[in-house]
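Fold and contact review
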Amino acid sequence: MRLLLSSLWIRPLLSLSALSLVGCVSVTPQTQGRAVAMPEARSQAPAKPRSKRSAPPISAAGFARRISHSSVPTSEKLLAMTFDDGPHPKLTARLLDLLAQRGVKATFFVVGRNVRTYPALVRRMIAEGHEVASHTDTHPSLTKLSEAGIRQELERTEEAIVAAAQIKPVLLRPPYGATNERVNRQAFSQFGYQTILWSVDPEDWRRPGPSVVASRLVAGAHPGGILLAHDIHAGTIDAMPQALDALLAQGYRFVTVSQLLSSATVLP
Ligand code: NI
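The text that follows walks through the structure, step by step, so that each part is easy to find. (Residues numbered from 1 in each chain as written. Predicted model: local features only at pLDDT ≥ 70, side-chain atom pairs only at ≥ 80, totals over all residues. Heavy atoms only, no water.)

Helix and strand counts for the chain stand at nine helices and ten strands. Counting all 268 residues of the chain, 54% fall into the buried class. The contacts in the chain between residues at least 6 apart in sequence include a share of 80% that link residues at least 24 apart. Element-wise, carbon and sulfur atoms account for 55% of the exposed surface of the chain, whose accessible area totals about 10,800 Å². (Helix = DSSP H or I, 4+ residues; strand = E, 2+ residues; numbered from the N terminus. Buried < 20%, exposed > 50% of the residue type's maximum accessible area, 1.4 Å probe, protein only. Contact = heavy atoms within 4.5 Å. Areas by Shrake-Rupley, 256 points an atom, 1.4 Å probe, with all protein chains shown as cover.)

Structure (structure tokens):
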């Protein structure tokens with residue numbers, strides 16, 4: 001039996017002892033000097049597509065307790081396409097055109113500093129039905145920051161998004177996927193954010209070429225999957241027509257991460 005859980009996403013704070021955290025990955029943050037718009041460096045070997053079997057349903061109460069997700073249990077052919085590190089003045093605009101041509105809704109995890117520079121692109125994302133969420137203000141490893149440091153990163157980003165588009169984000173993607181229970185709890189208790197990782201990583205930031213990025217996204221896709229990409233690399237944008245068209249042809253429908261969470265298949 002499938003229940004829609006949309007109402008559960010606006011709910012009172014959970015007791016910390018009840019939290020069940022899933023989907024966290026260990027990472028090795030990149031050490032290059034750029035502060036913004038860096039790729040998600042991971043310690044793992046190149047991505048191998050995960051099983052196409054969708055995650056098994058869980059109890060509604062169990063799902064509602066989760067504040068971190070890397071995929072969503074559903075038997076429906078739903079995917080969440082996510083883009084990190086933008087907005088980028090040229091590439092994000094081109095991507096939005098590609099998405100609009102296909103009726104694809106995506107989720108943009110934006111960097112606060114870029115939002116302040118390109119607020120019109122954030123307004124366009126919202127106007128065209130996409131979700132805009134936090135990827136921090138300066139792209140640090142949140143696990144290395146104090147509580148005050150994390151608060152500042154999330155506050156500034158939220159203020160930038162609200163100022164640009166009058167929308168309060170409800171999701172966080174930690175840079176590099178670097179998170180832990182402390183970060184997840186703080187993001188949820190102080191900002192109401194669910195922490196969102198991913199289940200399909202084409203490692204587009206390594207710039208393997210558009211056809212490789214596209215084939216990795218297609219090979220990794222599974223019902224309830226959250227696909228990671230970065231709208232700051234031209235090769236990623238070039239990969240999207242092939243990837244999106246192939247997945248649409250397979251019967252997948254693209255929804256925002258919040259819509260995907262609301263479509264979870266749960267047991268009563
Ligand atoms: Ni990033």
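Continuing now.
Let us look at the pairing of strand β3 (residues 78-84). Of all seven residues in β3, seven are buried, a share of seventy percent or more. Where β3 lies against strand β8 (residues 225-230), six bridges are found, and the strand directions are parallel. Across the sheet, threonine 82 pairs through a bridge with leucine 228, a residue of β8. Taken together, the four bridges between β3 and strand β4 (residues 106-110) define a ladder with parallel strand orientation. (Pairing = 2+ DSSP bridges.)

Where helix α7 (residues 210-220) contacts helix α8 (residues 234-249), the two axes come as close as 8 Å, and the packing angle between them is 40°. Here α8 runs oblique to α7, going by the angle between their axes. Once α7 is placed against α8, the crossing between them reads as right-handed. Between α7, through Pro210, Ser211, Val213, Ala214, Leu217 and Val218, and α8, the contact on the second element is made entirely by Gly235, Asp238, Ala239, Met240, Gln242, Ala243, Ala246 and Leu247. Each residue belonging to the contact of α7 with α8 can be placed in one class, and the counts come to ten nonpolar, three polar and one charged. (Axes fitted to C-alpha atoms, helices over the stretch in contact; angles between N-to-C directions. Parallel < 35°, antiparallel > 145°, perpendicular 65-115°, else oblique. Left-handed = near helix turned anticlockwise from the far one by under 90°. Nonpolar A, V, L, I, M, F, W, Y, C, P; charged D, E, K, R; others polar.)

What follows covers the packing of aromatic side chains. The tally for this structure, following the rule as stated, stands at two aromatic pairs. Here the aromatic rings of phenylalanine 83 and phenylalanine 108 are separated by 5.5 Å at their centres, their planes lie at 25°, and the arrangement is stacked. Here phenylalanine 83 is found in strand β3, whereas its partner phenylalanine 108 is found in strand β4, with 25 residues between them in sequence. As far as burial versus exposure is concerned, phenylalanine 83 and phenylalanine 108 are alike and both buried. Positioned over the ring face of tyrosine 252 is lysine 77, at 4.7 Å from the centre of the ring. (Phe/Tyr/Trp six-rings, centres within 6.5 Å; stacked < 30°, edge-to-face > 60°. Lys NZ or Arg CZ within 6 Å of the ring centre and 35° of its normal.)

Read these as geometric descriptors, not functional statements.
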